[in-house]
Amino acid sequence: MQTLWDHRYAHRIQRMGSSAVRELLKLTEKPDLISFGGGLPAPDVFPVDEIADACQRVLRDMGARALQYGTTEGYLPLREMIARHTRRYGINVTPDNILITSGSQQALDLLGKIFINRGDRILLESPTYLGAIQAWNAYGAEYVPVASDKNGMITEALDERLRTGPKFIYVLPNFQNPTGVTLSLERRHHLVELADRYGVPIIEDDPYGQLRYEGEHLPAVVVIDGEYRGSPENPYSGNVIYLSTFSKTLAPGLRLAWVIAPQEVIRKLVQAKQGADLHTATFNQIVAYEVAKGGFLDRHVHMIRRIYKERRDAMLAAMDSYFPPGIDWTQPQGGLFLWGTLPEDMRSADVLEIAIKQKVAFVPGGPFYPCGGGHNTMRLNFSYATPETIREGILRMGKAIRQSMK
Ligand SMILES: Cc1ncc(COP(=O)(O)O)c(C=O)c1O
């Protein structure tokens, strides 16, 4: 139905849809439904007591500062802590290379705001993170998809795509959302070399890097880029813009994340952020700093890894037991998700319809493909439910898949 408002919206609204995942999550809020849908951390890993203590301490000792406006760049001690942490991995960043954002989602939006003109092409993995596509659609981005396999983005296919003159490359190297796969070391180097050769920047989105359950830590693309440039004494001024977040290690409700970038890019992002929200909540930043300092976060992440590894293992084992032959799935070494592929002639949306009746939900993979496809794929989250619930949910899914096959 047409309303009076329809002709008033800006052109950019035309490509703004509500995220299919968010819509689906509404369906799954029923208490007896087992949901593998959202990307939610387990509520039992939130450090509620530590955050409560920190809130009280902050209000008592520095209440006026914590409740006041702050700088757009973010709370300096927090940025210093992130800089120290990042330098441990061998890349020289100062607080001037860091901007605190209200979630990585805001960072993606601000990057769209400062870089994307209508019609600009972005090279990205297909499938990729839906939230990035949602943010950049509003700026009129066009997408050039690059296929991925179990070693992440197929960089061998990049050379040709880079000739289309993209504005930047968007990549999720660790335990990618949605597939759970990790970009191999060899491909990380290849990506950095190619991006440098063609003069195309890389946006590296890394919310899950710390959540590795097996295998060796791989250097971030930004670290490889720093080494490649070989000027460790100067603050980072390379080709990569790196994003990470406290959402999966502390709590997503705090809405706290950070961008690492050359200082001149940070200055532009700061201007863009001023127009968006002036700054990220001062109180949340100070509380997060108080909780994280002194090594608590490292210990906490250790605990999260142990719990999520158990859940991942429970899901993989249950899929082995309960899924019919003909279904493939990834074996993520970390993160929150795995990715299933049904036979070509099946549609995961059909399976979902049956699954919801069996009181289990997942996300069909189609919306994660920026240029279409993936009708027979699905994303499953393993961090939220307990191992027993995961086993029961996968049993129900196995039944739904068999029924859909008939
Ligand atoms: C790849 C990726 N980027 C960004 C985000 C947004 O995270 P935040 O909670 O920091 O906004 C997510 C959240 O799931 C994600 O998976």
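Summarised in this report is the structure supplied together with it. (Residues numbered from 1 in each chain as written. Predicted model: local features only at pLDDT ≥ 70, side-chain atom pairs only at ≥ 80, totals over all residues. Heavy atoms only, no water.)

## Quick notes on the site of the ligand
We count it as follows: Near residues are defined by distance, with any heavy atom within 4 Å of the molecule or strand qualifying the residue. Between N or O atoms, a polar contact is any pair within 3.5 Å; within protein, one atom must be a potential hydrogen donor and the other a potential acceptor, and residues adjacent in sequence are included only when both atoms are from side chains. In these tables, accessible area is a Shrake-Rupley quantity obtained with a 1.4 Å probe, and a residue counts as shielded only by the protein chains included in the view. Only DSSP runs of H or I with at least four residues qualify as helices, and only runs of E with at least two residues qualify as strands; both kinds are numbered from the N terminus onward. Three classes are used: nonpolar for Ala, Val, Leu, Ile, Met, Phe, Trp, Tyr, Cys and Pro, charged for Asp, Glu, Lys and Arg, and polar for all others, with Gly counted as polar.
Taken together, 13 residues sit near the ligand, with Ser 104, Asp 205, Tyr 208, Thr 245 and Ser 247 positioned nearest. Between the ligand and Gln 105 there is a distance of 3.0 Å, counted from an oxygen atom to a backbone nitrogen or oxygen. Contacts to the ligand include Tyr 208, whose side-chain N or O atom sits 2.5 Å from an oxygen atom. For the ligand, the protein covers 93% of the area, taking 390 Å² as the surface of the free molecule. Among the elements that take part in the shell around the ligand, helix 4 (residues 103-115) stands out by supplying three residues, more than any other. Split by residue class, the shell around the ligand holds four nonpolar, six polar and three charged.

## Comments concerning the sheet that holds strand 11 (residues 337-341)
Condition: We call two strands paired when DSSP finds no fewer than two bridges between them.
Across the sheet, four strands lie side by side as 10-11-14-13; this open sheet has antiparallel pairing. Each having just a single partner strand, strand 10 (328-329) and strand 13 (363-364) make up the two edges of the open sheet.

## Focus: a nonpolar patch on the surface
Stated precisely, the cut-off is as follows: Think of a patch as exposed residues, more than 30% relative accessible area, with no salt bridge, where like charges cluster within 9 Å and nonpolar side chains (Val, Leu, Ile, Met, Phe, Trp, Tyr) cluster within 5 Å. Counted as salt bridges are all cases of a side-chain nitrogen of Lys or Arg within 4 Å of a carboxyl oxygen of Asp or Glu.
Together, Leu 4, Trp 5, Tyr 9, Ile 13 and Met 16 make up a nonpolar patch on the protein surface, roughly 550 Å² of accessible area in all. Take Ile 13: it is sitting in the segment before helix 1 (20-27).

## Section: the nonpolar core
Defined as follows: Think of a nonpolar core as a cluster: buried Ala, Val, Leu, Ile, Met, Phe, Trp, Tyr and Cys residues, connected wherever their side-chain atoms sit within 4.5 Å. We call a residue buried when its accessible area falls under 20% of the maximum for its residue type, exposed when it is over 50%, and partly exposed in between, using a 1.4 Å probe and counting protein chains only.
Counting 93 residues, the largest nonpolar core has Phe 36, Leu 380 and Ile 394 as the members making the most contacts within it. Among the elements that take part in this core, helix 11 (residues 296-322) stands out by supplying eleven residues, more than any other. Of all hydrophobic cores here, the second largest spans 28 residues; its members include Ile 116, Ala 132, Tyr 143 and Leu 172.

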